[in-house]
Amino acid sequence: MNMDLRSFLGEARQLGPEYFVSISKPVDPVLETCVIQQKLAAEGRYPAIRMENIKGAELPLATSILGSYSLLGLALGVDPGEPKSAILQRFRDRAAKPLEPQSVPRDKAPVKQVVLTGDDIDLAKLPIVHHAEQDSGKYITVGVLILRDPDSGVLNAGMYRHEVKGKDKLGCMFNPAHHAGYIYRRCQELNKRMEAVLFIGHHPAALIGALGEGSIDSCELDLMGGLMGEALAVTDAETVDLPVPAFAEIVIEGYLDPAEETADGPFAEFTGYYGPAKEDIGLMHITAMTMRSDAIYHDLDPAHQEHNLANALSLESAVYDSVRRLVPSITAAYVPVSGSCRFITYVSIKKSVAGQGKSAGLAAITANPNLKIAVVVDDDIDIYDEQRILWAIATTFEADQDLVIIPGAMGSHLNPSSYGEIRTQHGPMNTKMVIDATRPATLPFEERIRPPKDIWDRINLADYID
Ligand SMILES: Cc1cc2nc3c(=O)[nH]c(=O)nc-3n(C[C@H](O)[C@H](O)[C@H](O)COP(=O)(O)O)c2cc1C
């Protein structure tokens, strides 16, 4: 059986309400789908959600499919009982074995069950969501756009926000630093139409692959296959010269004319704040829509932690690689949801040489421009437990000698505290901070209290508490 969105939802459903819930009551795609997720989050619940009955739409909607670290693990086939560190390890193992896409004939591609062209194209057939009150409109938030680099011919895939601009037009907001931004600018230089395929709904391992941080010369479709552990099945598009994933739920084909631009925003962002309006974004003309006859529409609330978690593993892997080059004794890397899975990273190392803590932190902070704070701890601290991280800082760190501050470095313009070359103006720079919360490598340090292992193993609380 091919891996796809529905096979994943089936697996999550079997694991119970921590992993999956379904809602059959009618839900409004304007704000209500997101408030339901936010209310679950307020109770500390992050299951994948299937909503059967979206007002005004025929298609059901799935969301929050990567809403928790446990769902990330499930996407990569990690047993729910395994420690969190196994998830990054599995990601790294699979990412190291990319698989080229495999072509399948059109009649073996469920995404071709319905084909709409010409006047039949209408985005209103999809339950596209309005996510937050001050958003400028309805956005497809978790589609994957496939483009071809006009120079190398390499296929690029990535996730970008797409505002509905009429029945057959979509905005395409590319961060200029992302590969899609480079490809789009190159098409502008060449004055060439940029063909595009936007697919919605697939196995989450494939979606994580689309978010890969590799070189512009590597093809994310190979990483998607690697992360799924099976090659991505593709077939020909109807109207453009690009492959489409055969087991996607929905495909939107079209082209961007680089001479034509539009605006979008404000938009509720992964930072938990509204991001500003943009004046110069791409406009996609839709030339075909294809879908399964019982397609599921996939949405993501950009202000929900799912948005942050979707990127987490590729960023953690980048931190791990960067630190390991300098400090091979790194034991774990984590980018927590508390830092929007972008701005803060925790790293643990087995320290044996003086200065390794700071070096690990400097390497971590340079792994990605979004990162603003790196905290380095010893390997006996569980970096997934923020109480232990704060305890390590409280008891080993002294700011006059263990803190490194680097002002004016390239950062994230979406971080509300970022600034420009004029310090009081908003811009793309952040001040980076490394907190070395490791103990000295060669000097004596107070001994940590631990319960005696034999008594710990012997005592069963149920035998003692009345
Ligand atoms: C849900 C989600 C939405 C995203 N939206 C955008 C976006 O609107 N524009 C953008 O440039 N990047 C966005 N990103 C980040 C990119 O998808 C990601 O950095 C990707 O690796 C970029 O690929 P590329 O460098 O091949 O273009 C989003 C990521 C996620 C998880």
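Residues numbered from 1 in each chain as written. Predicted model: local features only at pLDDT ≥ 70, side-chain atom pairs only at ≥ 80, totals over all residues. Heavy atoms only, no water.

**Q** Could you give me a rundown of the packing of aromatic side chains, with the residues and numbers involved?
**A** Counting across every chain of the model gives eight aromatic pairs. When the ring of Y160 is compared with that of F174, the centres are 5.1 Å apart and the planes differ by 90 degrees; the resulting orientation is edge-to-face. With Y160 in the loop between β8 (155–159) and β9 (162–163) and F174 in the loop between β10 (169–172) and α5 (179–190), the pair connects residues that are 14 residues apart, well separated along the chain. As far as the burial class goes, Y160 and F174 line up, both buried. Summarising the aromatic geometry, the rings of Y334 and Y346 are spaced 6.4 Å apart at their centres and angled 50 degrees between planes, so their arrangement reads as tilted. Taken together, the residues span a long stretch of sequence, with Y334 in strand β19 (residues 330–334) and Y346 in strand β20 (residues 344–349) at a distance of twelve residues. Just as Y334 is buried, Y346 falls in that class too. For the cation-ring pair, R423 lies above Y419, with the distance from its terminal atom to the ring centre recorded as 3.5 Å. (Phe/Tyr/Trp six-rings, centres within 6.5 Å; stacked < 30°, edge-to-face > 60°. Helix = DSSP H or I, 4+ residues; strand = E, 2+ residues; numbered from the N terminus. Buried < 20%, exposed > 50% of the residue type's maximum accessible area, 1.4 Å probe, protein only. Lys NZ or Arg CZ within 6 Å of the ring centre and 35° of its normal.)

**Q** Lay out the sheet that holds strand β3 (residues 61–63) in plain terms, naming residues and giving numbers.
**A** The mixed open sheet is built from four strands, whose spatial order is β1-β2-β3-β18. What marks the edges here is a single partner per strand, and that holds for β1 (20–23) and β18 (297–298). The strands touched by helix α1 (residues 5–14) are β1, β2 (48–51), β3 and β18; relative to β1, the strand with the most contacts, the crossing angle is about 105 degrees. (Pairing = 2+ DSSP bridges. Contact = heavy atoms within 4.5 Å. Axes fitted to C-alpha atoms, helices over the stretch in contact; angles between N-to-C directions.)

**Q** So what's going on with the domain arrangement of the protein chain? Residues and values would help.
**A** Along its sequence, the protein chain is carved into domain 1 (5–295) and domain 2 (308–437). On a C-alpha basis, the centroid separation for the pair domain 1 and domain 2 is 29 Å. Listed by partner, the interface residues are 23 residues for domain 1 and 21 residues for domain 2. Here domain 1 packs against domain 2, burying approximately 2000 Å² in sum over the two surfaces, 66% of which is carbon and sulfur. At the boundary of domain 1 and domain 2, one finds one salt bridge. R92 is the salt-bridge partner of D321, the closest N and O atoms lying 2.8 Å from each other. In this assembly, domain 1 and domain 2 are joined by five residue pairs in polar contact (both at pLDDT 80 or more). (Domains from an automatic or database assignment. Buried area = accessible area lost by both parts, 1.4 Å probe. Salt bridge = Lys/Arg side-chain N within 4 Å of Asp/Glu carboxyl O. Polar contact = N/O pair within 3.5 Å; in protein donor to acceptor, adjacent residues only side chain to side chain.)

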